[in-house]
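Chain by chain, the residues run as shown.
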Amino acid sequence: MSSSTILLTLVLLGISILTQAHFQSVFDAQKPVFHHPIERVAVVGAGPAGLQAAAHLVEHNFTVRLFERAPHPGGNWFYSEETPSRESYPDDSLDYSAQIPLHLPTTKYYQEGDDGLTLEERWTRHWRPRPVWSNLFTNSPKISTELPDVPYTPDTSYVLSHRTIQRHVRSYASHHCLNSNDHCPKTSSSPQVTSYSTLVAKVEKDEASHLWILTLRRLTRLPESNRIQEDWWTEAFDAVVLASGPYVSPHVPDIPGIVDWSKATNNDAYCMYHSQSYRHPEGYAGKTVLIVGASVSASEIARDIGPFTHRLIASVRPPTDTRGSRQRSLSRFPNNTELVPEIASFQNLQTHTNGIRTGEIQLINGSVLQGIDEIILATGYQSSALYPPDSTTRRPQNITWTGHYIPDPTLVYTVGRPWTIGRYQSYGFVKVWKGTADVPPPEPTNDHKFKEGEGDGSTIPYYRDMWYPEALIRKYVTWLNDASLKDRGRFVDPPPIEHLELLKYYAVVHLLNNTQQLDGIGLNLFSPFSKNQHLAIDLNPWDAFVDEDADW
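Residues numbered from 1 in each chain as written. Predicted model: local features only at pLDDT ≥ 70, side-chain atom pairs only at ≥ 80, totals over all residues. Heavy atoms only, no water.

Caption draft 1: Quick look at the overall build of the protein. Across its full length, the protein carries 12 helices and 23 strands. Partitioning the contacts of the protein with sequence separation of at least 6, the portion at a separation of at least 24 is 71%. For the protein, the exposed surface amounts to about 24,400 Å²; the carbon and sulfur share of it is 52%. (Helix = DSSP H or I, 4+ residues; strand = E, 2+ residues; numbered from the N terminus. Contact = heavy atoms within 4.5 Å. Areas by Shrake-Rupley, 256 points an atom, 1.4 Å probe, with all protein chains shown as cover.)

Caption draft 2: Summary view of the sheet that holds strand S16 (residues 343–346). Strand order in the open sheet formed by 3 strands is S16-S17-S18, and the pairing between neighbours is antiparallel. Among the strands making up the open sheet, the edge pair consists of S16 and strand S18 (368–369). Looking at chain direction, S16 and strand S17 (residues 361–363) are connected through 3 bridges and run antiparallel. From the neighbouring strand, Phe-346 faces S17, where its bridge partner is Ile-361. (Pairing = 2+ DSSP bridges.)

Caption draft 3: Inspection of the sheet that holds strand S19 (residues 374–377) at higher detail. Spatial strand order, S12-S19-S13-S14-S15: 5 strands in an open sheet with parallel pairing. The sheet is open, and its two borders are formed by strand S12 (272–274) and strand S15 (337–340), each paired with just one other strand. Strand-to-strand twist of the sheet, defined as the mean angle between neighbouring strand axes without regard to direction, takes the value 20°. As paired strands, strand S13 (residues 288–292) and strand S14 (residues 311–315) are joined by 5 bridges and run parallel to one another. Within S14, the position partnered with Ile-291 by the bridge is Ala-314. Each of S13, S14 and S19 is contacted by helix H7 (residues 296–305), which is oriented at about 165° to S13, the strand it contacts most. (Axes fitted to C-alpha atoms, helices over the stretch in contact; angles between N-to-C directions.)

Caption draft 4: A look at the nonpolar core. With 69 residues, the main nonpolar core has Leu-51, Leu-57, Val-241, Ile-291, Ile-305 and Trp-433 as its most contacted residues. Among the elements that line this core, the one with the most residues is helix H9 (residues 418–434), at 8 residues. Aside from chain neighbours lying at most four places away, what touches Ile-291 is Ala-298, Ile-301, Ala-302, Ile-305, Leu-312, Ile-313, Ala-314, Ser-315, Ile-376 and Ala-378. In terms of nonpolar packing, the next biggest core, distinct from the first, is built from 22 residues, Val-252, Leu-290, Leu-363 and Ile-375 among them. (Core = buried A, V, L, I, M, F, W, Y, C linked by side-chain atoms within 4.5 Å. Buried < 20%, exposed > 50% of the residue type's maximum accessible area, 1.4 Å probe, protein only.)

Caption draft 5: Up close: the pairing of strand S2 (residues 63–68). Counting buried residues in S2 gives 5 out of 6 residues, a clear majority hidden from the surface. For the crossover that starts at strand S1 (residues 40–44), traverses helix H3 (residues 48–59) and ends in the parallel S2, the hand is right-handed. (Right-handed = clockwise from strand over helix to strand, strands pointing away.)

Caption draft 6: Inspection of the packing of H3 against helix H5 (residues 162–175) at higher detail. Running from N to C, H3 and H5 cross one another at 15°; their axes reach a closest spacing of 10 Å. By the angle between their axes, H3 is roughly parallel relative to H5. The handedness of the crossing between H3 and H5 comes out as left-handed. Along its contact with H3, which presents Pro-48, Leu-51, Gln-52 and Ala-55, the element H5 presents Val-169, Tyr-172 and Ala-173. By residue class, the composition of the contact of H3 with H5 is 6 nonpolar, 1 polar and no charged. (Parallel < 35°, antiparallel > 145°, perpendicular 65-115°, else oblique. Left-handed = near helix turned anticlockwise from the far one by under 90°. Nonpolar A, V, L, I, M, F, W, Y, C, P; charged D, E, K, R; others polar.)

Caption draft 7: Up close: the packing of aromatic side chains. With the rule as written, the count across this model stands at 11 aromatic pairs. Each residue in the set Trp-401, Tyr-424, Tyr-476 and Trp-479 is aromatic and connected to the rest through ring pairs, giving one cluster. Taking NZ or CZ as reference, Arg-86 lies 3.6 Å from the ring centre of Tyr-270, over its face. For Lys-142, the ring lying beneath its charged end belongs to Tyr-158, and the centroid distance is 5.7 Å. (Phe/Tyr/Trp six-rings, centres within 6.5 Å; stacked < 30°, edge-to-face > 60°. Lys NZ or Arg CZ within 6 Å of the ring centre and 35° of its normal.)

Caption draft 8: Representation of the side chain of Arg-65. When you line up the elements, Arg-65 lands in strand S2. On the basis of relative accessible area, Arg-65 is assigned to the buried category, the value being 11%. Within the structure, Arg-65 has its side chain in polar contact with the side chain of Glu-235 (distance 2.7 Å). Beyond its immediate sequence surroundings of up to four residues, Arg-65 is in contact with Arg-40, Val-41, Ala-42, Val-43, Gln-192, Val-193, Thr-194, Ser-195, Trp-233, Glu-235 and Phe-237. (Polar contact = N/O pair within 3.5 Å; in protein donor to acceptor, adjacent residues only side chain to side chain.)

Caption draft 9: Layout of the side chain of Thr-194. One can find Thr-194 in strand S4 (residues 194–196). Polar side-chain contacts of Thr-194 include one of 3.3 Å to the side chain of Gln-192. Those residues in contact with Thr-194, other than ones at most four positions away along the chain, are Arg-65, Leu-66, Leu-178, Asn-179 and Asp-182.

These figures capture arrangement, not role.
Have a look at this one:
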């Protein structure tokens, strides 16, 4: 054997060992033990993640119930001119237990003015209109913002409006008979799969029966009698998919004086409000506007209102990390934005009925802001109350990278970016609950950060890992296909290579947009194509793909 052949053999052996080590957790999967067969499954949330989960489960003959608090599918991409009920100052509890009637099931009817609420207020409090505004465009390319089975037409723009995405998601729902007006029973006795306008108030495990009990509240508008019907009931399931996302209620930061300023109005309109209520830019013409926050909503709303405002200011906290997605949001602020440091306090107002222009805002560097007309709090969202008590505000604890809850894998979470991960993850739920795949063991999630020059991560641009998480997709393909080899199940394919080429093109065309000097407030200038693009790439399948950063 020649020396070159020996060298090649050693190289291939080394590659094999490294590959096996990288995917060792896939092959060390553990077979879960269920108390009874998994047949009846609840899916909470009809956004891109929940719809895919429900579609896969129905396809594989599970009895599925899909619950969504909004009247139609779409999740955060369901646009409505309706705005959410006003946020609480300070943050309010998300625990709905106190609202649950003592005896279930029960039905109640509400008229205009009952409990001091209009029918419209009661309705919007229930379904909570999504934080989508009229001119919103996705900040990801169409190739990584696409559901299976309903591809975009070739002439669809690389940059997608929320209307295009909403139509796309509803097309997927209709394709799988999961839209709000669909009912496609396999038999005359088959239950309705979807239940829209339905809030899941509580999810708890009954230890005696080993079933998950969901407490549900549905509102129905009755225009013929100008009333709202409220129904409360419970349903039992063998397993639950939580696909509602971690952020369900706006977060108001605990800044001294913010409660006092939240009461201020001008012409009967509040001067301070959360970004969830933003819809149109024209109303900001000639105004001085302060945006608090520096994540996706902050920078994109700034781009929308920037051409209209007299003066545009953004208060930005120094980032706790240097992830590319965070830096890209900072670079998206328009040129006319004045970036200022974090707010230290809001000084008490003399009156709450004449606006806030005379009020003083103290910054942490000692400077003072005055002359503000309106304040938009782009400060993120609170974590869902449906998550276990040990959850953080960033993601649920005790889950595998596949989304299975480690103490009890009959509970799963849709983690990761649903457009790219959802099809694999949903199939994984099916295979584990059918008994044809094992659950991968837990692995560290907080230490998976590659920094420049450390390991393989230094070669992965952040925009590729964020929009197309190749390593995670490879793990899914390996795990699912290894299981299918054993049970003769369906194999899955990785995304086609042309998608990565199109992603590179999109990055060149749409990310070369340095518009801000970020020095002077504790931030660094960032370029998507500088060496900083490789800093702190987070391979956690939750943190890397959440669109709205909690670190505002």
